[in-house]
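A closer look at the structure
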Amino acid sequence: MAQTQMALDSLDFDATVALATKVAPHVDILEIGTPCIKHNGIKLLQTLRAKFPNNKILVDLKTMDAGFYEAEPFYKAGADICTVLGTSDIGTIKGVIDVANKYGKKAQIDLINVADKKARTQEVAKLGAHIIGVHTGLDQQAAGQTPFGDLALVAGLNLGLEISVAGGVKAATTAQVRDAGATIIVAGAAIYGAADPAAAAAEITAIAHGGSTGGLFGWIKKLFS
Ligand SMILES: O=C([C@H](O)CO)[C@H](O)[C@H](O)COP(=O)(O)O
C-alpha cells in the first residue's frame, strides 16, 4: 500500500485550482510543483488548503539555502510536507527538518542530482528526515532516465524512512514502484496529460493502494484493449 501524490505543474493559478478540484477526491496528496509555487506563491497554497481539507499538501520548494527561514511560512500556511534539495548544505536540510518538527509536519529530502545517493540518504536519516525523495526530474526524463535503479538502492538501505518516487510514473509502472518499496507514488504528466485526469488519478490510486490492475477501471480498460 502506497499513498498517491498528484504533481500540479501548470503555471496558471486558475487552471491549477480547476485541475486540483477534479483530481483531489482521487489522490492522497496534492503537490504544488516547483515551477507552480515559484510562479504563484503562497497564495496558491492558502487557496488549496482552504478548498481541500481532506488532502495532504506538499509544496515542492526544492529549498537550496536558508532552510528554516524559507520553509516556515509554508508550514504555517498549511503545508504538510516541504521539499529540500539533498544537494544543499547539511545545515539547510537540518533547518527544514527542524521547522517541520516545530509544526508537527514532514520534510522531504529530494535526491535529484545527488551524486552519492546512498551516503546522503544515510546522513539525512540520522538527522531525522521524514521522507526521502527518489526523483528523476523532467529534464532527466527527457534524456531517457528513470527512477527505478535509485529506488532499489534507497529501499535496500532499510532505514525506515518514507520513500517518495517521482519521475514519469504512470498506471503501467505504479505496481512496480509500489512493490519496490515506495510509500508515496507521485504522478504528474500521467494525470494532467490524460484525457480524463480524474479517471487517470483514480486508476493510479487503486493500484497504489493495493490493486494489481486498478480494480474496476483496469478491468474495463483490459476488456476493451
Ligand atoms: O517534481 C517535478 C519536477 O521536478 C518539476 O517540479 C515533477 O512534478 C515530478 O517529476 C512529477 O511529474 P512527472 O514526472 O510528470 O510524473
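What counts and what doesn't
- Within every chain, residues take consecutive numbers counted from 1 along the sequence as written.
- With pLDDT at 70 or above as the cut-off, local features in this predicted model cover only qualifying residues; side-chain atom pairs require 80 or more to be listed or tallied, and sums for whole chains, interfaces and linings still use all residues.
- Heavy atoms from the whole structure form the basis of all side-chain values; hydrogens and water molecules are not counted.
- Secondary structure elements follow DSSP: runs of H or I no shorter than four residues count as helices, runs of E no shorter than two count as strands, and numbering proceeds from the N terminus.
- Radius of gyration here is computed from C-alpha atoms only, and the compact-globule reference equals 2.2 Å multiplied by the residue count raised to the power 0.38.
- Throughout, exposure labels follow a simple rule: accessible area from a 1.4 Å probe, protein chains only, divided by the maximum for the residue type, with under 20% read as buried, over 50% as exposed, and the rest as partly exposed.
- Any pair of residues with heavy atoms lying within 4.5 Å of one another is described as a contacting pair.
- In short, Shrake-Rupley with a 1.4 Å probe defines the accessible areas, and a residue's cover is counted only from the protein chains shown.
- Counted as positive: Lys and Arg. Counted as negative: Asp and Glu, with His and the chain ends omitted from the count.
- Note on charges: their place is set at NZ of Lys, CZ of Arg, CG of Asp or CD of Glu.
- Consider each residue's heavy atoms; a residue with any of them within 4 Å of a molecule or strand counts as near.
- Two N or O atoms form a polar contact when they lie within 3.5 Å of each other; inside protein one atom must be a possible hydrogen donor and the other a possible acceptor, and for residues adjacent in sequence the pair counts only when both atoms belong to side chains.
- Basically, the charged four are Asp, Glu, Lys and Arg, the nonpolar ten are Ala, Val, Leu, Ile, Met, Phe, Trp, Tyr, Cys and Pro, and anything else, Gly included, counts as polar.
- Method remark: on a 1 Å grid restricted to protein atoms, a set of points is classed as a cavity if a 1.4 Å probe fits but cannot get out and as a pocket if it is open with protein on both sides within 12 Å along at least five of seven lines; lining residues have an atom within 4 Å of a point.
- Grid points are joined across faces, edges and corners, and a volume is the space filled by probe spheres set on the points.
- UniProt positions are given in the numbering used here, feature names are shortened, and annotations may be inferred rather than shown by experiment.

What follows deals with the overall build of the protein. Helices and strands together make up the secondary structure of the protein, namely 12 helices and eight strands. Here the protein has a C-alpha radius of gyration of 17 Å; the compact-globule value for 225 residues is 17 Å, and the two agree. Reported as C-alpha extents along the three principal axes, the dimensions of the protein are approximately 55 × 40 × 30 Å. A burial count over the protein gives 51% of its 225 residues as buried. If you take every contact in the protein between residues at least 6 apart in sequence, the share linking residues at least 24 apart comes to 66%. Of the roughly 10,100 Å² that the protein leaves accessible, carbon and sulfur atoms contribute 56%. A gap of 4 Å separates the mean positions of the 20 positive and 21 negative side-chain charges of the protein.

Our focus in this paragraph is helix 9 (residues 171–179). Note: α-helices contain 3.6 residues per turn, so residues at a spacing of three or four share the same orientation. Regarding helix 9, the residues found buried are Thr173, Thr174, Ala175, Val177 and Arg178. Buried residues belonging to helix 9 abut helix 8 (148–155), strand 7 (162–166), strand 8 (184–187) and helix 11 (197–208). Downstream of helix 9 by one or two residues, Gly181 has phi in the positive range, about 115°.

The next point concerns the site of the ligand. Contacts to the ligand come from 16 residues, most closely from Asp9, Gln141, Gly168, Gly188 and Ala189. Between the ligand and Glu31 there is a distance of 3.4 Å, counted from an oxygen atom to a side-chain nitrogen or oxygen. In the environment of the ligand, an oxygen atom lies 2.8 Å from a nitrogen or oxygen atom belonging to the backbone of Gly188. In the complex, 95% of the free accessible area of the ligand, which totals 400 Å², lies under the protein chains. Class assignment for the residues of the shell around the ligand results in six nonpolar, six polar and four charged.

One can find Pro73 in helix 4 (residues 67–76). For the pair Pro73 and Asp150, spaced 77 residues apart in the sequence, the C-alpha separation amounts to 31 Å.

This paragraph deals with empty space enclosed by the protein. The full count for this structure, using the stated rule, is one cavity of 30 Å³ or more. A volume near 40 Å³ is recorded for the largest cavity. Forming the walls of the largest cavity are Gln3, Ile29, Lys56, Ile81, Lys106, Ile131, Glu162 and Ile184.

What follows concerns the UniProt feature "domain: Orotidine 5'-phosphate decarboxylase" (unreviewed entry) in the protein. As recorded in UniProt, the feature "domain: Orotidine 5'-phosphate decarboxylase" (unreviewed entry) lies at residues 3–204. Each end of residues 3–204 is marked by a C-alpha atom, and these two atoms are 10 Å apart; helix forms 48% of the span and strand 21%.

This part covers the side chain of Thr174. If you trace the backbone, Thr174 turns up in helix 9. Owing to a relative accessible area of 0%, Thr174 belongs among the buried residues under this scheme. Within the structure, Thr174 has its side chain in polar contact with the backbone oxygen of Lys170 (distance 2.8 Å). The contacts of Thr174, once residues within four sequence positions are left out, are Val169, Ile185, Ile204, Ile207 and Ala208.

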